[in-house]
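Given next are the chains, with one letter for each unit.
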Amino acid sequence: MSFCKWLLRASLVSLAIQAAHGEALCPGSVASLPLRIVQSSLIVVAIEINHSGPYDFLVDTGAQVMTIEPSLVSELGIKTRGTTGVGGVATYKRAAYAYVDLIEAGDHSVSNAVAVIQEMAQLKAVDSRIRGILGENFLAHFDLLIDNRQRVLCLDTSGALQAAVHEEKIALVEPQEPAKDMPFTRPLLVSAQLSGSKTQVLLRLDSGSNTPLLYATNPRYRDKSINPAPLLRRVVNGAEQSFAVQTPQDIHIGKLSVRQVSFVLPLNAIGEGPTPREDGLLPTMAFQRVFISYAGRFAKLDNW
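Below: a short report on this structure.

Cut-offs used in this document
Residues numbered from 1 in each chain as written. Predicted model: local features only at pLDDT ≥ 70, side-chain atom pairs only at ≥ 80, totals over all residues. Heavy atoms only, no water. Phe/Tyr/Trp six-rings, centres within 6.5 Å; stacked < 30°, edge-to-face > 60°. Buried < 20%, exposed > 50% of the residue type's maximum accessible area, 1.4 Å probe, protein only. Lys NZ or Arg CZ within 6 Å of the ring centre and 35° of its normal. Salt bridge = Lys/Arg side-chain N within 4 Å of Asp/Glu carboxyl O. Helix = DSSP H or I, 4+ residues; strand = E, 2+ residues; numbered from the N terminus. Pairing = 2+ DSSP bridges. Disulfide = S-S within 2.5 Å. Polar contact = N/O pair within 3.5 Å; in protein donor to acceptor, adjacent residues only side chain to side chain.

1. Re the packing of aromatic side chains
Enumeration according to the criterion identifies 3 aromatic pairs in this entry. Seen from their ring centres, Phe291 and Phe298 are 6.1 Å apart, and the 40° between their planes marks the pair as tilted. Of the residues examined, Phe291 reaches a relative accessible area of 0% and is grouped as buried. Its relative accessible area of 7% is what places Phe298 among the buried residues. If you follow Lys169 out to its NZ or CZ, it ends over the ring of Phe298, 4.5 Å from the centre.

Pasting the structure below:
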């Protein structure tokens, strides 16, 4: 069973960000969470774990559960419970997991949460202060707003955020083979259409990546590659993984269109795991604002 996806680090798409002047606030008088931006796209917040901290964690809507690095697990005295499969971008491995008594971000808290324990070499290379990943088994307890222009992160349980964000509702759809869903979280998938194709694809809204990606399980995705030779490489778990880059195309989601996006495609897998249950990943940075109602199973997307 796959507990979380792994972070893909590649800067192949430039998406505009403008820093806000002065203090940015959440809509509906909801309190904002202090955050910092890493590499112009990744959201990092300070959290407390079991009344200790603060510790810097990446906010990742594409990760189904949180991840903690082993050194922090040792500092906190958290006991492991066993091992589980950890899936990522065409990667798969076994990792230890544990239960965390309490996670706090600002005034918001979640108790008794599952956490995968593993090293995060790629992420630590980006920012050595990051100690883990805050995934959906925390975020799904709240309404969530990511405002990329204002650089604001908002969590809410009052309904005020939902009332204050007026964009079109986009239904969150079921993954392929929904019976395999884990009981505590469901992936954030939207149905999209790519230019030049009448077929709908399922894309995961992912705040933990800055690169759109399509899994190469469908041969038609390979046909749009700029070059059949690998254009990007990375090393995961000691093995090299290669990627190709597609020619730019438009993405249509409901009434929204994201223009001229280049997807990357993994050309080889590392480890043997389950087949992905969606067609690819779409970074939340593709939109000015992303509102997620986990309970209502819809998103509101505000284009740049």
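On we go.
2. Examining the pattern of salt bridges
For the structure shown, the criterion picks out 10 salt bridges. One salt bridge connects Asp56 with Arg36, and the closest N-O pair in it is separated by 2.7 Å. Placement of Asp56 in strand 4 (residues 52–59) and of Arg36 in strand 2 (residues 35–38) is noted, with a sequence separation of 20 residues between them. We note a salt bridge from Arg259 to Asp250, for which the minimum N-O separation is 3.1 Å. Each of Arg36, Asp56, Asp127 and Arg129 takes part in salt bridges that share partners, so that together they form one network.

3. Examining the pairing of strand 22 (residues 289–293)
Regular strands place their side chains on alternate faces of the sheet. Of all 5 residues in strand 22, 5 are buried, a share of seventy percent or more. Alternating positions in strand 22 separate into two faces, Arg289, Phe291 and Ser293 on one and Val290 and Ile292 on the other, with burial throughout. The pairing of strand 10 (residues 143–147) with strand 22 spans 5 bridges and is classified as antiparallel. Each bridged residue has a counterpart across the sheet, and for Leu145 the counterpart in strand 22 is Phe291. In this structure, strand 22 lies alongside strand 23 (residues 298–302), joined through 5 bridges in antiparallel fashion. Opposite Ser293, over in strand 23, you have Phe298 as the bridge partner. Here strand 22 hands over to strand 23 after 4 residues, with Arg297 in that stretch at a positive phi of 55°.

4. Some points on the sheet that holds strand 22
If you trace the 6 strands from one edge of the open sheet to the other, you get 1-11-10-22-23-12, paired in antiparallel fashion. Looking at the sheet topology across the chains shown, the edges are occupied by strand 1 (32–33) and strand 12 (169–171).

5. Examining the state of the cysteines
Inspection of the entire model under this criterion finds 1 disulfide. Linked covalently through their sulfurs, Cys26 and Cys154 form a disulfide whose S-S length is 2.0 Å. One disulfide, between Cys26 and Cys154, carries an S-S torsion of -100° and so falls in the left-handed class. Taken together, the residues Cys26 in the segment before strand 1 and Cys154 in strand 11 (residues 152–156) connect sequence positions 128 residues apart.

6. Here we look at the side chain of Asn148
Mapping Asn148 onto the fold places it in the loop between strand 10 and strand 11. For Asn148, a relative accessible area of 5% puts it in the buried group. A distance of 3.1 Å separates a polar side-chain atom of Asn148 from the backbone oxygen of Thr284. Looking at Asn148, its side chain comes within polar contact range of the main-chain oxygen of Phe287, at 2.7 Å.

7. Regarding unusual backbone geometry
A cis geometry characterises the amide bond from Gly53 onward to Pro54, with omega recorded as 10°. With respect to the helices, strands and loops of the structure, Pro54 is situated in strand 4. One non-glycine residue, Ser29, adopts positive backbone phi at about 60°. The exposed category is assigned to Ser29, whose relative accessible area is 78%. Here the phi dihedral of His51 falls at roughly 70°; this positive angle occurs in a residue that is not glycine. Mapped onto the fold, His51 is located in the loop between strand 3 (42–49) and strand 4.

Any link to function would need more than the numbers given here.
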